[in-house]
Amino acid sequence: DAGITQSPRHKVTETGTPVTLRCHQTENHRYMYWYRQDPGHGLRLIHYSYGVKDTDKGEVSDGYSVSRSKTEDFLLTLESATSSQTSVYFCAISGPNSLGGGFTDTQYFGPGTRLTVL
Amino acid sequence: EDQVTQSPEALRLQEGESSSLNCSYTVSGLRGLFWYRQDPGKGPEFLFTLYSAGEEKEKERLKATLTKKESFLHITAPKPEDSATYLCAVQAQGGSEKLVFGKGTKLTVNP
């Protein structure tokens, strides 16, 4: 299994409070991602990082921010949590494509964080 | 806009009853198509990557195939431990790292 851990694994919080989720990898992969998974929507990309301090938005980035100060850690912050952000959050990592060309390849996922915003 | 549609949404099989799951996609140039397995309460587990039409890959009772418009995940003589949700995702050419996922097919294999 890819060396990916997420913390916390479960969290219950109240509307309006800030929340930070952590993803930690031991694979030294350049790319890291945050997804959310909701019934009826599948997995959707929130933000991703292509290097230390290099990040970009995904398709559902509103209300979320990210930071990556070290290769191994990627943080997802909900500045002011809302009930619509109740979801399961997955971190993923990817390394260089084995076919070459400078592209990344398969994304490997962490165990997830279940967040409930009351 | 890139899209992935998986069918059926749910599938019930008897142990040993072979079947196929479908993943139809529209993408502006396919870089790769990915299959994952997800068990309840866990993260997606990588199964296969397919890059070009005609490509096939196998792993135990699973075989993934790819055409220009769709991919199939064939399950031969399934066992109860194959019960899971199977996810399909595509990655487009053009340098984007984004994966677009389908909603998944929930497979239940009864003993």
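Bear in mind that the values here come from a model prediction, so they are computed numbers and not experimental data.

Chemist: Quick question: what am I supposed to make of the nonpolar core here?
Modeler: In globular proteins that are soluble, nonpolar side chains generally tend to be buried together. Tyr 25, Leu 33, Trp 35, Leu 73 and Tyr 86 of chain B are the most contacted members of the largest nonpolar core, which has 26 residues in total. Listing elements by their share of this core, those giving two or more residues are strand E2 (10–14), strand E3 (19–26), strand E4 (30–38), strand E5 (45–50), strand E7 (62–66), strand E8 (70–75), strand E9 (84–92) and strand E11 (105–110) of chain B. Beyond its immediate stretch of four places on either side in the chain, Leu 33 of chain B contacts Cys 23, Tyr 25, Phe 48, Thr 49, Leu 50, Leu 66, Ser 71, Cys 88, Ala 89 and Val 90 of chain B. Listed in part, the 19 residues of the second largest apolar core include Leu 21, Met 32, Phe 74 and Leu 76 of chain A.

Chemist: What is the right way to look at the sheet that holds E3 of chain B in this model?
Modeler: In a beta sheet, neighbouring strands pair by backbone hydrogen bonds and run either parallel or antiparallel. Residues and elements named next belong to chain B. Strand order in the open sheet formed by five strands is E1-E3-E8-E7-E6, with antiparallel pairing between adjacent strands. Of all strands in the sheet, those with a lone pairing partner are strand E1 (3–7) and strand E6 (56–59), marking the two edges. Between one strand axis and the next, the sheet turns by 15° as a mean value, whatever way the strands run. The sheet contact formed by E1 and E3 spans five bridges and is antiparallel. For Gln 6, the partnering residue across the bridge sits in E3 and is Cys 23.

Chemist: In this structure, what is going on with the sheet that holds strand E7 (residues 64–70) of chain A? I would like to understand it.
Modeler: All names here are of chain A. Taking strand neighbours across the sheet as the criterion, the four strands line up as E1-E3-E8-E7 in an open arrangement whose pairing is antiparallel. Of all strands in the sheet, those with a lone pairing partner are strand E1 (4–7) and E7, marking the two edges. Between one strand axis and the next, the sheet turns by 20° as a mean value, whatever way the strands run.

Chemist: I'm lost on unusual backbone geometry in this one. Help?
Modeler: Comment: phi is negative for the bulk of residues other than glycine, and the bulk of peptide bonds are trans. A cis amide bond, omega -10°, links Ser 7 of chain A with the succeeding residue Pro 8 of chain A. By the secondary structure assignment, Pro 8 of chain A is in the loop between E1 and strand E2 (10–13). Put simply, Ser 7 of chain B and Pro 8 of chain B share a cis peptide bond, and its omega is -10°. Summarising the element assignment, Pro 8 of chain B is placed in the loop between E1 and E2. For Asn 28 of chain A, which is not a glycine, the phi torsion comes out positive at approximately 60°. A positive phi angle, close to 45°, is found at Ala 77 of chain B, a residue other than glycine. Locating Ala 77 of chain B in the fold gives a position in the loop between E8 and E9.

Definitions and limits used
Residues numbered from 1 in each chain as written. Chains lettered and ligands numbered in written order. Predicted model: local features only at pLDDT ≥ 70, side-chain atom pairs only at ≥ 80, totals over all residues. Heavy atoms only, no water. Core = buried A, V, L, I, M, F, W, Y, C linked by side-chain atoms within 4.5 Å. Buried < 20%, exposed > 50% of the residue type's maximum accessible area, 1.4 Å probe, protein only. Helix = DSSP H or I, 4+ residues; strand = E, 2+ residues; numbered from the N terminus. Contact = heavy atoms within 4.5 Å. Pairing = 2+ DSSP bridges. Axes fitted to C-alpha atoms, helices over the stretch in contact; angles between N-to-C directions.

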